[in-house]
Amino acid sequence: MRRAGRGAGRPGGLLALCLGLAACVATANDAVRVGIVAAEYAAPTTRYPHGALGDPVEHGQMRVRLSDGRALTATLPEDLVFEDTAPRLSDLDGDGSAEIIVVESHADQGARLAVWHLNDTGLTRAAATPFIGRRFRWLAPTGAADLDEDGRVEIAYVETPHLGRVLKVLRWQDGQLVPVAKIGGVSNHRFGQSVIEGRIARCDGQPTILLADAGWRRVVGARLHGNALSLSDLGPYRGPQSFQAVAGCD
């Protein structure tokens, strides 16, 4: 899964799209024949001053570059922002073209996970989870991978990593985000940090979500078995580097 940086983006030469909650779009009829190769957030705004990522600035746009050199821009309505470190590119449906995983936050209802893609009308929001339901409630993605090795891609994130600390796994299935499993007592972000910690790795040959325990004292591994998650202790947490040097993990 690839990431672009958190920031204002590069100006110039962009086709703007106006998007509401139901994704009102301009057309780009040939966009479906090319792929997304890069994405970044743009249009910094303080209209949602949560500060979970260290400052009150979030973003009102996402800029996307296509494989044919064109660029598209998605602009959110005033009651939404991208509250996130970076867009994440991942081929969720195995068609060779990347989708984009983002975090969107609503002025009154907090965050949701959303997936954007290219289709025959251009750049659109393909699916999204329900909003958490309360202002200044956030979620932190961990990544996307085939976590149970059944040929389908799952997306993992921690809902309210500073409060509830619940790992949730969704499956991308027929263009929908289908809930699969959840488990509490873990986190991947501390309030005010500009980065999301943890990652998805292979540990002892199995896909494993690397996280911190709720108290940020231990590194834990989460594995998906059917519709359930299990946790294992993988050693002490000694800072962000702890997730890069876990015994038995690539």
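Our structure is the block above this text.
Residues numbered from 1 in each chain as written. Predicted model: local features only at pLDDT ≥ 70, side-chain atom pairs only at ≥ 80, totals over all residues. Heavy atoms only, no water.

### Digging into the environment of E83
- By the secondary structure assignment, E83 is in the loop between β6 (80-82) and β7 (88-90).
- In this view, E83 contacts Y48, H50, A52, L53, E58, V103, S105 and W138; residues no more than four positions away in its chain are not counted. (Helix = DSSP H or I, 4+ residues; strand = E, 2+ residues; numbered from the N terminus. Contact = heavy atoms within 4.5 Å.)

### A short note on the nonpolar core
- In terms of nonpolar packing, the biggest core is built from 21 residues, with I36, M62, V64, I100, V102, W116 and L123 touching the most fellow members.
- Mapped onto this core, the elements with two or more residues apiece are β3 (36-45), β4 (58-66), β5 (71-75), β6, β8 (99-106) and β9 (110-119).
- Judged by nonpolar contacts, the second largest core, of 20 residues, contains I101, L113, L139 and I155. (Core = buried A, V, L, I, M, F, W, Y, C linked by side-chain atoms within 4.5 Å. Buried < 20%, exposed > 50% of the residue type's maximum accessible area, 1.4 Å probe, protein only.)

### Re the state of the cysteines
- Scanning the model with the defined rule gives one disulfide in all.
- Note on cysteine connectivity: C203 is disulfide-linked to C249, with sulfurs 2.0 Å apart. Of note, the bridge from C203 to C249 carries an S-S torsion of about 110° and is right-handed in sense. Of this pair, C203 sits in strand β16 (residues 199-203) while C249 sits in the segment after β19 (228-236), and the two are 46 residues apart along the sequence. Like C203, the residue C249 is buried in the burial classification. (Disulfide = S-S within 2.5 Å.)

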